[in-house]
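A closer look at the structure
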Amino acid sequence: MSTEPREHREYDELRGEGWTRLLAAARRRLERTGGVLDGDIGLTGPSEAERRTAIGITGRYRPETVKRLAVPLSDLDAYLHDRYGTGLLTTLGRLHGPLRDRPAERADEEARREQALKSAHSSPLAGRGWFAAWLERIAADGTLTRLVRRGDAPLLDAAVRVLERLPGDRDRFPGDQDRPPAHPAGALPLPVLAEWATGDTKALVPGSPLEQLVLRAIAQRTGGDIPRVRAGRRALWESAGAIADDLASQVLVLNIGAEGDTVVCDWLRDAADFGIPFRLTLHQLATDPVVPAARTIFVCENPAVLRAAAGELQDTSAALVCTEGVPSAACHKLLGDAVRAGARLHWRADFDWAGLRITAGAAVRHGARPWRMNVADYTTALSKGESTPLAGPPAASPWDPELARAMAESGSTVMEERLLPALLSDLTRT
């Protein structure tokens, strides 16, 4: 004797071949319309059993050659009422569970999306172009929708809190009395930032959804993309004043020298005596303070320039620091200490949009003077060889507005290695 509930056994007919596709089509239609019993459902290429079922439901004959069957939902509902005492909605629910109300789900999803965006736009950061562009992008590309559907919409609020608390915005929110202490180098360790913003020290571990959201915003602010390699992601955090690893954050130097009686200062003096390139970590700079002895320091972007200076000029080269792309926290720490000790910085980078942003940022942060970064340098170097196209959002060159205009007009980058003879000449004269 069957142990299946009686009401389920009564629906045995509806589990047969003639009904399976028909009821599945009905469920899809009703879920899509919120349960409205209007219109028809159709079956293409019906089987004989499906043809007979449709005739039974509608009372209208369909020939064996019929290519498509159309069955009014109202007829199907009436048939099930007459035969089983339950209409279409109840029958479908008993057979395969409750129907979804997709219009209501979409409305609820949209409401949660709008609430998440409304909350984010209430941030003090809302007036900044990069912040608005970040929100617009994650709303347009489906990121926000996926967060809402997974029940992770609160991550957007968490990302906003992290962004508000980045050290770069330290002076923008004067009511923050509980800001945690920074690293001795002036940056904020990621676990401290994560705990302070979210209550979870591991919320910003590499690869976490929150880390991805925040890095997208930082990349939007800097005008680039999220690097794929871990070192690049660390550099992006450092550009915002947060450090993932104070041993991994490094700066490459040549002939910097040092004032002070510490192990690291001894190393720098020895390296300068022999014209040997040297790497400093943020950890060393924070725990064993270094005051560079050089009072004029040149700054380049690419290691090839520093390598050439070390190879050709050795200990006669002027003091040189290489940022290796976006300056690291270690680089900013060293150069900031140098400027406070009275050093003057001469700064250059590649002639691309990122290079303009790096140089402009150095002028604001360290009072650096552009070094061979004017429109004449660009046009001269551009004429000496093939160049790759400019990429990414344009940037300004406040120290020489004509430079940015010339770059936009040509649409070409110039790597600083092309200026190598002139750069080495400058390093020799000093």
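Quantities reported herein were computed from a predicted structural model and do not represent experimental measurements. (Residues numbered from 1 in each chain as written. Predicted model: local features only at pLDDT ≥ 70, side-chain atom pairs only at ≥ 80, totals over all residues. Heavy atoms only, no water.)

1. Details of unusual backbone geometry
A positive phi angle is found at Asn255, which is not glycine, with a value near 60°. Following the sequence through the fold, Asn255 ends up in the loop between β5 (250-254) and α13 (263-274). Even without glycine at this site, Arg372 takes up a positive phi of about 50°. With respect to the helices and strands, the residue Arg372 is situated in the loop between β10 (369-370) and α18 (375-382). (Helix = DSSP H or I, 4+ residues; strand = E, 2+ residues; numbered from the N terminus.)

2. Some words on the side chain of Ser123
Mapping Ser123 onto the fold places it in the loop between α6 (102-121) and α7 (129-140). Judged by relative accessible area, which is 7%, Ser123 ranks as buried. Side-chain polar atoms of Ser123 contact the side chain of Glu164, separated by 2.6 Å. The residues touching Ser123, leaving out its near neighbours within four places in the chain, are Phe131, Val160 and Glu164. (Buried < 20%, exposed > 50% of the residue type's maximum accessible area, 1.4 Å probe, protein only. Polar contact = N/O pair within 3.5 Å; in protein donor to acceptor, adjacent residues only side chain to side chain. Contact = heavy atoms within 4.5 Å.)

3. Concerning the sheet that holds β5
With mixed pairing, 6 strands are arranged side by side in an open sheet as β6-β5-β8-β7-β9-β10. Either end of the sheet is taken by a strand with one partner, and the two such strands are β6 (278-281) and β10. Where β5 and β6 come together, 4 bridges link them in antiparallel fashion. Looking at the pairing, Leu252 lines up with Arg279 of β6. Here helix α15 (residues 303-312) sits on the sheet and contacts β5, β7 (296-300) and β8 (319-322); the angle it forms with β5, its principal contact strand, is near 30°. (Pairing = 2+ DSSP bridges. Axes fitted to C-alpha atoms, helices over the stretch in contact; angles between N-to-C directions.)

4. What to know about the side chain of Thr58
By the element assignment, Thr58 lies in helix α3 (residues 48-58). Separated by 3.2 Å, the side chain of Thr58 and the backbone nitrogen of Arg60 make a polar contact. In contact with Thr58, not counting residues within four places along its chain, are Val71, Pro72 and Asp75.

5. Things to note about the state of the cysteines
Within this structure, the stated rule accounts for 0 disulfides. Sulfur of Cys300: no disulfide; nearest cysteine sulfur belongs to Cys322 and is 4.1 Å away. (Disulfide = S-S within 2.5 Å.)

6. What about helix α4 (residues 73-84)?
The α-helix advances 3.6 residues per turn, and as a result positions three or four apart in sequence lie on the same side. Between the first and last C-alpha of α4 there are 16 Å, a value that for 12 residues agrees with the 16 Å anticipated at 1.5 Å per step. Looking only at α4, the buried set comprises Leu73, Leu76, Asp77, Tyr79, Leu80 and Tyr84. Buried residues of α4, viewed axially, fall in a sector of 160°; they line one side. Summarising the contacts, the buried residues of α4 are in contact with α2 (17-33), β1 (40-44), α3, β2 (68-72) and α5 (88-96). Of the residues one or two after α4, Gly85 is the one with positive phi, at around 80°. (Expected span 1.5 Å × (residues − 1). Arc of directions from axis to C-beta.)

7. Some words on α2
Spanning 17 residues, α2 covers 26 Å between terminal C-alpha atoms, matching the ideal 24 Å at 1.5 Å per step. What α2 keeps buried is the set Gly18, Trp19, Leu22, Leu23, Ala25, Ala26, Arg27, Arg29, Leu30 and Glu31. On its buried face, α2 sits against β1, α3, β2, α4, α5 and α6. Gly34 sits one or two residues past α2 and shows a positive phi near 80°.

8. Quick word on the pairing of β1
Alternating positions in β1 separate cleanly, Ile41 and Leu43 being buried on one face and Asp40, Gly42 and Thr44 remaining unburied on the opposite face. Of the pairings in the sheet, the one linking β1 to β2 comprises 5 bridges and is antiparallel in character. Counted as the bridge partner of Leu43 is Leu69 from β2.

9. Focus on the packing of aromatic side chains
Scanning the model with the defined rule gives 7 aromatic pairs in all. Between Trp267 and Phe278, the ring centres sit 6.3 Å apart and the planes meet at 45°, which makes this aromatic pair tilted. Placement of Trp267 in helix α13 and of Phe278 in strand β6 is noted, with a sequence separation of 11 residues between them. By relative accessible area, which is 40% here, Trp267 ends up partly exposed. Here Phe298 and Trp371 contribute two aromatic rings whose centre-to-centre distance is 4.7 Å and whose plane-to-plane angle is 65°, an arrangement assigned as edge-to-face. Linking Phe298 in strand β7 with Trp371 in the loop between β10 and α18, this pair joins segments that are 73 residues apart in sequence. Residue Trp371 is classed as buried on the basis of its relative accessible area, which comes to 5%. Here the aromatic residues Trp130, Phe131 and Trp134 are joined through ring pairs into a cluster of three or more. (Phe/Tyr/Trp six-rings, centres within 6.5 Å; stacked < 30°, edge-to-face > 60°.)

10. Quick notes on the pattern of salt bridges
Close approach of charged atoms lets side chains of opposite charge pair. Scanning the model with the defined rule gives 26 salt bridges in all. Across the pair Glu324 and Arg279 runs a salt bridge, and its minimum N-O distance is 2.9 Å. One end of the pair, Glu324, is in the loop between β8 and α16 (329-340); the other, Arg279, is in strand β6, with 45 residues separating them in the sequence. Among the ionic pairs, Arg405 bridges to Glu402, the shortest N-O distance being 2.5 Å. Remark: Glu402 and Arg405 occur in helix α19 (residues 401-410); sequence separation between them is 3 residues, near one turn of the helix. Using a relative accessible area of 49% as the deciding quantity, one classes Arg405 as partly exposed. Residue class for Glu402 comes out partly exposed when judged on its relative accessible area of 42%. One network of salt bridges, in which partners are shared, links Glu48, Arg51, Arg52 and Glu64. (Salt bridge = Lys/Arg side-chain N within 4 Å of Asp/Glu carboxyl O.)

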